[in-house]
Amino acid sequence: MDRPSMDDARRMAGEVGRTVRGAVEAHLQGQLADQVKRRLAAWNDPRAKLDRQHRRSSRVLTFWLIVLAILAVVGTLTLVGALPTAAGVAAAVGMAGTGVLALRTNAHLRRIDAARGELAAAPVRTPLPARRSAARQPVERLEDAEDTLRELLRQLDSAALTSVPAASVAQVRATGDEASAAIRAVAYQLQAVERARDTAPPLERGPLVEGVQRLRTQLEEGVDGYCGLVAAAGRVLAESTAAHPGQVLGEAADHLAGLASALRELSRWSRPEPA
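What you are looking at is a predicted structure, and each value in this text was computed from that prediction instead of being measured. Sequence order as written defines residue numbering, which begins from 1 separately in each chain. It should be noted that, the model being predicted, local features are given only for residues of pLDDT at least 70 and side-chain atom pairs only at 80 or more, the latter also being counted only at that level, while totals for whole chains, interfaces and linings use all residues. Side-chain calculation: all heavy atoms of the structure are included, whereas hydrogens and water are not.

A short note on the environment of Phe-63
With respect to the helices and strands, the residue Phe-63 is situated in helix H2 (residues 46-79). Relative accessible area decides the class of each residue, using a 1.4 Å probe on protein chains only: under 20% of the type maximum gives buried, over 50% gives exposed, and in between gives partly exposed. The exposure class assigned to Phe-63 is partly exposed, which follows from its relative accessible area of 46%. Considered as a pair, Phe-63 and Thr-98 are 35 residues apart in the sequence and their alpha carbons are 9.9 Å apart. Put simply, DSSP H or I for four residues or longer makes a helix, DSSP E for two residues or longer makes a strand, and each gets a number counted from the N terminus.

In structure tokens, the structure reads:
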């Protein structure tokens, strides 16, 4: 059999190099795109926009106050005769105009503070996982379910629905928050394992691929359980005059609480022990 020539070997090596380089560049471009998206989302976040407006308005208000202080000094010096009357008149006019601007800036600052307070009371949205992540679709389902449960519990907690005990609604709300945190912890763990899989040598990726699949299954089970609680709350709202509406909510909350506890245990045992 003829041995490959030096040119053939070089050509094959070049093709392999280009293939590897293309794969690496595609992976780096994907990571860079995710970073850009996260930074853009953080910049466009309503809280971040209000924070920037608050800082700008605070600086402007500080400037007007400094100008007012300087004009007040000029007016005082005019009263004691250290400066001519014209300087005092100009200072008085300037203080009137600057005072109006300072009041307007202060009012704008208060409106920003009020808007920040409203946003602080609203639930904080964490960035979604990358589109190629196995955690993306379950986390999207979880966010939709969270919004639905929040609205259902708001209506169930209204004074018009007296057949639903307030204690049951509070228990479901607390259980939903606890379960949501446990489910998101699994999602974060899944994304970390995915990053480890993508950076590991090819021969060492097998256990990481299995870990991703196992965590994805756990994540799906957790979201399914949360959606079960949402369905129970919807049934109670649809039949709010039933004899025992709290029992349906209580059973669903107990089931979800057990599922959240199991997720936390699985997450704890699957973490590597510290050295």
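Here we look at the packing of helix H4 (residues 136-156) against helix H6 (residues 206-238)
Lines are fitted to the C-alpha atoms to define the axes, a helix being fitted only along its stretch in contact, and any angle between axes, read from their N-to-C directions, falls within 0 to 180 degrees. Where H4 contacts H6, the two axes come as close as 9 Å, and the packing angle between them is 20°. Taken together, H4 and H6 sit at an angle that is classed as roughly parallel. In this structure, the crossing between H4 and H6 has a hand that is left-handed. Side-chain classes are defined by residue name, with Ala, Val, Leu, Ile, Met, Phe, Trp, Tyr, Cys and Pro counting as nonpolar, Asp, Glu, Lys and Arg as charged, and the others, Gly among them, as polar. For the contact of H4 with H6, the residue count by class is 15 nonpolar, 4 polar and 5 charged. Relative orientations are named as follows: roughly parallel for angles under 35 degrees, roughly antiparallel for angles over 145 degrees, roughly perpendicular for angles from 65 to 115 degrees, and oblique for any other angle. Each crossing gets its handedness from the near helix: less than a right angle anticlockwise from the far helix is left-handed, clockwise is right-handed.

Re the packing of helix H5 (residues 166-199) against H6
It is at 9 Å that the axes of H5 and H6 come closest, and there the two elements cross at 160°. Accordingly, the angle class assigned to the pair H5 and H6 is roughly antiparallel. Taken as a pair, H5 and H6 cross one another with a handedness that is left-handed. Taken together, the residues of the contact of H5 with H6 break down into 16 nonpolar, 6 polar and 3 charged.

Here we look at the environment of Ala-233
With respect to the helices and strands, the residue Ala-233 is situated in helix H6. A relative accessible area of 0% means that Ala-233 is categorised as buried. Separated by 61 residues in sequence, Ala-233 and Val-172 have C-alpha atoms that sit 8.7 Å apart.

What about the nonpolar core?
What tends to happen in soluble globular proteins is that the nonpolar side chains get buried as a cluster. Judged by nonpolar contacts, the single largest core of 27 residues is most densely connected at Leu-149, Leu-156, Leu-190, Leu-219 and Tyr-226. The element that contributes the greatest number of residues to this core is H6, accounting for 9 residues. Contacts: residue pairs with any heavy atoms within 4.5 Å of one another. When residues no more than four places from it in sequence are discounted, the contact partners of Leu-149 are Val-172, Tyr-226, Leu-229, Val-230 and Ala-233. Think of a nonpolar core as a cluster: buried Ala, Val, Leu, Ile, Met, Phe, Trp, Tyr and Cys residues, connected wherever their side-chain atoms sit within 4.5 Å. Within the second largest apolar cluster, 5 residues are counted, among which are Trp-64, Leu-68, Ala-102 and Leu-109.

A closer look at the pattern of salt bridges
Within this document, salt bridges are pairs made up of a side-chain nitrogen of Lys or Arg and a carboxyl oxygen of Asp or Glu, the two lying within 4 Å of each other. Under the counting rule described, the total for this entry stands at 8 salt bridges. Residue Arg-150 pairs with Asp-147 through a salt bridge whose shortest N-O separation is 2.9 Å. With Arg-150 and Asp-147 both in helix H4, this residue pair falls 3 residues apart, about one helical turn. Take Arg-150: its relative accessible area is 37%, and that puts it in the partly exposed class.

A closer look at a nonpolar patch on the surface
A cluster of nonpolar side chains, namely Val-73, Leu-77, Leu-79, Val-80 and Leu-83, defines an oily patch on the protein surface of about 480 Å² accessible area. Relative to the elements of secondary structure, Val-80 occurs in the loop between H2 and helix H3 (85-121). Each patch is assembled from residues with relative accessible area greater than 30% and no salt bridge, linking like charges that lie within 9 Å and nonpolar side chains (Val, Leu, Ile, Met, Phe, Trp, Tyr) that lie within 5 Å. Accessible areas in this description were obtained via Shrake-Rupley with a 1.4 Å probe; residue shielding takes into account the shown protein chains only.

A closer look at the environment of Arg-197
Mapped onto the secondary structure, Arg-197 falls in helix H5. Once residues lying within four places of it in the same chain are set aside, the contact partners of Arg-197 are Arg-205, Leu-208, Val-209 and Val-212.

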